[in-house]
Amino acid sequence: MKKRYGPAFRKETIELARCPACKGKAVIQGVFHRMACVQCNASGWVAAGTGEALPVEELVTQLSLRLQAAQRHINELKHPRAAGPEALYQESNRLGAGGTNYTGD
Ligand SMILES: [Zn+2]
């Protein structure tokens, strides 16, 4: 079992953990209204290694990476046949090689 990520990941993925203060909700229920959780920069996530909030500019990228991964996962569930890089490669290969039946002239 090998887990490989493509070269598109130029930025390093930081392992995230659910913020213990707001339990991943990004907001804390106050007496009258909900307040942004300061412990996780109102993201609901903290760095798994340190348990501290990520800087906002780093947080945006990390959340984006997670969202992209989640969307890929959803797409794979919706289209199970196109799952994995091998399937994608075969599909594009088929389209390139035999897809456009040129019949000469
Ligand atoms: Zn929090």
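Criteria and cut-off values
Residues numbered from 1 in each chain as written. Predicted model: local features only at pLDDT ≥ 70, side-chain atom pairs only at ≥ 80, totals over all residues. Helix = DSSP H or I, 4+ residues; strand = E, 2+ residues; numbered from the N terminus. Buried ≥ 20, exposed ≤ 12 C-beta atoms within 10 Å, placed from the backbone. Contact = placed C-beta atoms within 7 Å. Core = buried A, V, L, I, M, F, W, Y, C linked by C-beta atoms within 7 Å.

S.K.: So, the overall build of the protein: which residues are in play, and what are the values?
M.R.: Check the secondary structure of the protein and you find 2 helices and 4 strands. For the protein, the sequential pattern of α-helices and β-strands runs β-β-β-β-α-α. Out of the 105 residues belonging to the protein, those deemed buried represent 11%. In the protein, the proportion of contacts linking residues at least 24 apart, taken out of those at least 6 apart, comes to 31%.

S.K.: So, the environment of Leu65: which residues are in play, and what are the values?
M.R.: Tracing the sequence through the fold places Leu65 in helix H1 (residues 56–78). Distance in space between the C-alpha atoms of Leu65 and Lys11 is 9.1 Å, their sequence separation being 54 residues.

S.K.: Describe unusual backbone geometry, and please don't skip the residues or the numbers.
M.R.: The backbone of Asn41 shows a phi angle near 55°, a positive value even though the residue is not glycine. Secondary-structure assignment places Asn41 in the loop between strand S3 (34–36) and strand S4 (45–47). The buried category is assigned to Asn41, around which 20 C-beta atoms lie within 10 Å. Phi is positive for Ala42, which is not a glycine, with a value near 60°. Under the C-beta neighbour-count criterion, Ala42 is labelled partly exposed, with 18 such atoms within 10 Å.

S.K.: Describe the nonpolar core, with residues and values.
M.R.: Nonpolar side chains in soluble globular proteins tend to be buried together. In this structure, Leu16, Cys19, Cys22, Cys37, Cys40, Trp45, Val46, Ala53, Leu54 and Leu59 together form the largest nonpolar core, which totals 10 residues. If we skip the residues at most four places from it in the chain, Val46 touches Ala17, Cys19, Cys40, Gly51, Glu52 and Ala53.

S.K.: Help me get a handle on the environment of Ala17, residues and values and all.
M.R.: In this structure, Ala17 sits in strand S1 (residues 16–18). In the structure, Ala17 is positioned 30 residues away from Ala47 in sequence and 5.9 Å away in space, judged by C-alpha atoms. If near-sequence neighbours (up to four positions away) are discounted, Ala17 is found in contact with Trp45, Val46 and Ala48.

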